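# A look at the structure
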Amino acid sequence: MSIAVTGASGHLGRLVVESLLARGADPAQVVATARTTAKVADLADRGVQVREADYVRPETLAAALAGVDVLVLVSGSEVGQRVEQHRNVIDAAVAAGVSRVVYTSAPRATTSALVLAPEHKATEEILAASGLTTTVLRNSWYTENYVGDVQGARETGEIVSSVGDGRVASASRADYAEAAAVVALAAQADAAAHAGAVYELSGDVAWTFDDLAVAATEVLGSPVAYRRVSPDEHRALLLGVGLDEGTAGFVVALDGNIRDGLLAETSGELARLLGRPTTPLVDGLRAAVAQG
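The rules behind these values
Within each chain, residue numbers correspond to sequence positions counted from 1 in written order. With the structure being a predicted model, the display of local features is reserved for residues of pLDDT at least 70 and the display and counting of side-chain atom pairs for 80 or more, all residues being used for whole-chain, interface and lining totals. Excluding hydrogens and water, the side-chain values take into account all heavy atoms of the structure. Only DSSP runs of H or I covering at least 4 residues are called helices, and only runs of E covering at least 2 are called strands; the numbering of each starts at the N terminus. It is over C-alpha atoms that the radius of gyration is taken, and the globule rule equals 2.2 Å times the number of residues to the power 0.38. Whether a residue is buried, partly exposed or exposed follows from its accessible area with a 1.4 Å probe, protein chains only, as a fraction of its type maximum: under 20%, in between, or over 50%, in that order. Shrake-Rupley sampling with a 1.4 Å probe provides the accessible areas, and residues are treated as covered by the protein chains on show and by no other component. Under the counting rule used here, the positive set is Lys and Arg, the negative set is Asp and Glu, and His together with the chain ends is not counted. Here the site of a charge means atom NZ of a Lys, CZ of an Arg, CG of an Asp or CD of a Glu. For this analysis, a nonpolar core means a set of buried residues of the types Ala, Val, Leu, Ile, Met, Phe, Trp, Tyr and Cys, connected via side-chain atoms within 4.5 Å. Throughout, a contact is declared for two residues whenever any of their heavy atoms are within 4.5 Å. UniProt positions are given in the numbering used here, feature names are shortened, and annotations may be inferred rather than shown by experiment. Criterion used throughout: strands pair if DSSP finds at least two bridges between them. For helices, the fitted line uses only the C-alpha atoms of the stretch in contact; every axis is such a line through C-alpha atoms, and the angle between N-to-C directions lies from 0 to 180 degrees. Any two of the Phe, Tyr and Trp rings considered here, Trp counted by its six-membered ring, make a pair once their centres fall within 6.5 Å; the pair's planes then place it as stacked at under 30 degrees, edge-to-face at over 60, or tilted in between.

Okay, the overall build of the chain next. Tallying secondary structure elements over the chain gives 12 helices and nine strands in all. Scaling as 2.2 N^0.38, a compact globule of 292 residues should have a C-alpha radius of gyration of about 19 Å, and the chain matches this with 19 Å. In terms of overall dimensions, the chain has C-alpha extents of about 55 × 35 × 35 Å along its principal axes. Among the 292 residues that make up the chain, the fraction classed as buried is 51%. Surface exposure of the chain reaches about 12,200 Å², of which carbon and sulfur atoms provide 52%. Taking the average place of the 23 positive charges on the side chains of the chain and the average place of its 36 negative ones, the gap between the two points comes to 2 Å.

What follows is the structure in structure tokens.
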């Protein structure tokens, strides 16, 4: 029976597939699903099964999940539309007889005030009601989320934010992807492995934006400072560079969540799943900036 990964053309999904292969998975037993299969055609050349799966077209999902034992459901990227998209995949997984769903959720999704949490909370509730055996990976922030800030600082010499002294326990996207692969392979080998588990995954170190500026300085080789602004000042700056009201408000709300400590938890669970420390901030940024 195979392991399927949804969203395999996306950043995280692609890395989950790569991690499965790196950890010895038989390519013929790995299914990479994508809305546009041409984007993962190279995986087919390596022996991976490539199948079309569009979250908003349920008719594509039954064939995509046929014969799948373990499904890594990578959460969708379209904020505001994800609950129904995820429901479609979960319904298809039930119909296909999938034995385990590994879902990439958000920190403390069922209780957190994090602006991104509600859709993940709803998805976890759908999974709980589905009768499927699940493992929930509540991924905290990706270090790669700050590549744009670092690249912008190359020109401006500063990172501007309204997070105050808030901390972020980020890890690299590859760290989270490898954890998903670890869980999926274990579940494939042993139906009891990680069954029903909910893991709060985060980096080993909760860093401040002063730390981010220090890391950016090292990566860029030129001085970078962190400039604190108020939420209102931040919103005005974002509007001034062309963001619409909704997007600017969303960014400011996320910064408020960081200021309130919602992304600062360092549970150690990610490192335990990986069997190694998580990728340090500066190393994650250096790799991501090098990739463009």
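In terms of nonpolar packing, the biggest core is built from 37 residues, with Val16, Val17, Leu20, Val72 and Leu201 touching the most fellow members. Secondary structure elements with two or more residues in this core: β1 (2-5), α1 (11-22), β2 (30-34), β4 (68-73), α7 (173-189), β8 (198-201) and α11 (269-274). Discounting chain neighbours no more than four positions away, the residues touching Val16 are Val5, Val72, Ala177, Ala180 and Ala181.

Once that is clear, we can look at the UniProt feature "domain: NAD(P)-binding" (unreviewed entry) in the chain. What UniProt calls "domain: NAD(P)-binding" (unreviewed entry) maps, in this numbering, to residues 7-181. As a span, residues 7-181 carries 39% helix and 18% strand, and end to end its C-alpha atoms are 14 Å apart.

Strand order in the open sheet made by the seven strands is β3-β2-β1-β4-β5-β6-β8, with parallel pairing throughout. What marks the edges here is a single partner per strand, and that holds for β3 (49-52) and β8. The sheet shows a mean angle of 20° between the axes of neighbouring strands, direction not considered. One ladder, built from five bridges, connects strand β5 (residues 100-105) with strand β6 (residues 134-139); its direction is parallel. Note that in β6 the partner of Thr104 across the bridge is Leu137. Running at roughly 170° to β5, helix α5 (residues 117-130) makes contact with β5 and β6 of the sheet.

Before going further, it helps to spend a moment on the side chain of Arg138. Note that Arg138 resides in strand β6. Judged by relative accessible area, Arg138 falls into the buried class, the value being 8%. Other than its neighbours up to four places away in sequence, Arg138 contacts Ser105, Ala106, Pro107, Arg108, Ala109, Thr110, Glu124, Val198, Tyr199, Glu200 and Leu201.

Turning to the packing of aromatic side chains, a few remarks are in order. Evaluated as defined, the whole model comprises five aromatic pairs. Geometrically, the ring pair formed by Tyr146 and Trp207 is edge-to-face, given 5.3 Å between the ring centres and 85° between the ring planes. With a gap of 61 residues between them, Tyr146 in the loop between β6 and α6 (147-156) and Trp207 in the loop between β8 and α8 (209-220) connect regions that are remote in the sequence. Per residue, the accessibility class of Tyr146 equals that of Trp207, and both read buried. An aromatic cluster of at least three residues, connected via ring pairs, comprises Tyr146, Trp207, Phe209 and Tyr226.

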